[in-house]
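# Structural description and commentary
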Amino acid sequence: MTAPISPATPAPASNPGISHAWRALNYRNFRLYFGGQTISLIGTWMTRLATSWLVYRLTGSALLLGVVGFAGQIPTFLVAPFAGVWVDRLDRRRVLVVTQILAMLQSLALAVLTLTSHISIREIIWLSAFQGLINAFDMPARQAFLVQMVDDKQDLGNAIALNSSMVNLARLVGPSLAGAVIAVSGEGYCFLIDGLSYLAVIASLLAMRIEPGALKRTSDSMLVQLKEGWAYVSGFAPVRTILLLFALVSLMGWPFTVLMPIFAGTILHGGPHTLGFLMGAVGIGALVSAISLALRKTVLGLGKMIPVSTGAFGTGLILFGLSQTLWLSLLLMLVCGFGMMQQMAASNTIIQTIVDDSKRGRVMSFYAVAFVGMAPFGSLLAGTLAHAIGAPRTVMLSGACCVAGAAWFAAQLKTIRKLIRPIYMDLGILPPVNAVIEDSVGR
């Protein structure tokens, strides 16, 4: 494992000018990451929207929208657990530099094929699958590396919230910008902008000051380490329960985004601008959610937010499936974005806080499987259902499943509370006394 960040990195107390809500930015490495990744993610979201619109323009098929989503995400499901073992063995920054270079090449390939009018659904599927393979290594490495950029674990929740804010600022700006670029010059320039944007995050990673300390060596085989990681995840109820709900929402809830071109073009009778507005509304809701999490001073109370936010997300999807007016649909996308981000960021913060650092890469690889790996099946299922029963009914069914999952998770909170409390006491988050205080689920 990579050595801790250089002691020269300033501690939060050294810069009182940074407000409490932005305290993770006191760390130079995190500031570099935040800036570079913000630029890169705007390009990423442009590519996501442009890819969906390109597939819909070329084929007009809801099923193929699901197929492309499946191709882009199934590699994460298959490869991420093995990638997590490598993340625990390798220098995580170097892994990220390699994944960003490969992702840049993938976007530039999309750009060249589209701008020269040689793009077809076949190339889109293969390049999406290649990006999914890259993400299988990138996601666990990125999540595990986040801890190395913030020295004090008390600031980890703030770093995760700011990271979520960054993602959703990009989710807001990227689709809106992509809608305008597509309307003016076509999808190819979105891919080109995305490819060039990776230079920012690559530069930020290379500029970080991280001591090249000794990595943790092991004689255990990859299979042994993989089994060890699985035993930890499946045997520890808080992590297991959070990831199961995460997987359910990823399977049934999040794939609603692959159907957005249908809602924009067929249900709401719009075009790429309408699609940009819908995805932008999701981004606004998620950004507001992330900022509210950044304002929190502690991880205490996050547990109870998980079922509440999941239930809100599911309810928003049900009502969105019933809506046929743009203003109401935009309002409901705000609700969905808020609930989706609250559930995701709260889950991530709790897992990152309580996980054993020696297994962090492997745990976060299973997080990637739940977060992205289940989505391909959801995308394929959403496309198939939309083809059979229509996009509105599909989204309503997805929302109902999320509400049911929220109710199940709420029933597990008592067990989760008992198991997390001793860990929070060891970390100093809770005082080691048997007092009636607010715990990790807000009791």
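Numbering of residues begins from 1 in every chain and follows the order in which that chain's sequence is written. Given that this is a predicted model, residues contribute local features only at a pLDDT of at least 70 and side-chain atom pairs are listed and counted only at 80 or more, while totals for whole chains, interfaces and linings are drawn from all residues. Just so you know, side-chain values use all the structure's heavy atoms and leave hydrogens and water out.

Comment: elements are numbered from the N terminus, with helices defined as DSSP H or I runs of at least four residues and strands as E runs of at least two. Helix and strand content of the chain: 16 helices and zero strands. Buried means the residue's accessible area, taken with a 1.4 Å probe over protein chains only, is under 20% of the maximum for its type, while exposed means over 50%, and partly exposed covers the values in between. Relative to its full complement of 443 residues, the chain shows a buried share of 57%. Here, residues are in contact when the closest pair of their heavy atoms is within 4.5 Å. For the chain, long-range pairs separated by at least 24 residues make up 85% of all intrachain contacts whose partners lie at least 6 apart in sequence.

A separate point is the confidence of the model for the chain. Here the chain averages 81 in pLDDT, and 88% of its residues register 70 or above. Scored below 50 in pLDDT, residues 1-18 shows 42 contacts in the model against residues more than four places distant or in partner chains. Confidence scores labelled pLDDT are given residue by residue by the predictor and lie between 0 and 100. Segment residues 434-443 is flagged for pLDDT under 50; beyond a separation of four residues in sequence, or across chains, it makes 30 contacts in the model.

With that settled, consider the side chain of S197. One can find S197 in helix 6 (residues 188-207). For S197, a relative accessible area of 7% gives the class buried. Setting aside residues no more than four positions away along its own chain, S197 makes contact with I39, S40 and G43.

Attention shifts here to a nonpolar patch on the surface. A cluster of nonpolar residues, W86, L90, V98, I101, L102, L105, F130, L133 and F137, forms a patch on the protein surface that exposes about 710 Å² of accessible area. Of all elements in the fold, only helix 3 (92-115) and helix 4 (121-148) reach the threshold of two or more residues within the nonpolar patch. Looking at the nonpolar patch, the element that brings in the most residues is helix 3, giving four residues. Note that L105 resides in helix 3. Patches were defined on residues exceeding 30% relative accessible area and lacking a salt bridge, with like-charge contacts within 9 Å and nonpolar side-chain contacts (Val, Leu, Ile, Met, Phe, Trp, Tyr) within 5 Å. Here the open area of atoms and residues is found with the Shrake-Rupley method and a 1.4 Å probe, where only the protein chains shown may cover a residue. Note on definitions: salt bridges are taken to be side-chain nitrogens of Lys or Arg within 4 Å of carboxyl oxygens of Asp or Glu.

Looking now at the packing of helix 10 (residues 272-294) against helix 12 (residues 326-354). The contact between helix 10 and helix 12 brings their axes to 7 Å, and the two run at 40 degrees. Considering their axes alone, helix 10 and helix 12 lie oblique with respect to each other. Of the two elements, helix 10 crosses helix 12, and the hand of that crossing is right-handed. Classification convention: Asp, Glu, Lys, Arg as charged; Ala, Val, Leu, Ile, Met, Phe, Trp, Tyr, Cys, Pro as nonpolar; all other residues, Gly among them, as polar. In terms of residue class, the contact of helix 10 with helix 12 is made up of 17 nonpolar, seven polar and no charged. Geometry is summarised by axes, namely lines fitted to C-alpha atoms with helices restricted to the contacting stretch, and by angles between N-to-C directions that run from 0 to 180 degrees. Oblique is the label for every angle not falling under 35 degrees (roughly parallel), over 145 degrees (roughly antiparallel), or within 65 to 115 degrees (roughly perpendicular). Note: crossing handedness is left-handed where the near helix turns anticlockwise from the far helix by less than a right angle, and right-handed where it turns clockwise.

Let us now look at the side chain of T47. Note on placement: T47 falls in helix 1 (residues 28-59). In this view, T47 contacts S107, C190, F191 and D194; residues no more than four positions away in its chain are not counted.

Describing an aromatic ring pair means giving the distance of the ring centres and the angle of the ring planes. Aromatic rings from Phe, Tyr and Trp, with only the six-membered ring used for Trp, were paired whenever their centres fell within 6.5 Å, and each pair was classed as stacked if the ring planes differed by under 30 degrees, edge-to-face if by over 60, and tilted otherwise. All told, the structure shown has eight aromatic pairs when counted by the stated rule. Relative to Y56, the ring of W53 lies with its centre 6.1 Å away and its plane at 55 degrees, an arrangement referred to as tilted. In this pair, W53 and Y56 both sit in helix 1, three residues apart, roughly one turn of the helix. One aromatic cluster is present, formed by F30, Y33 and F34 through successive ring pairs. A cation sits over an aromatic face here: R48 above W45, 4.4 Å from the ring centre. Whether a charge lies above a ring is judged from NZ of Lys or CZ of Arg, which has to be within 6 Å of the ring centre and within 35 degrees of the ring normal.

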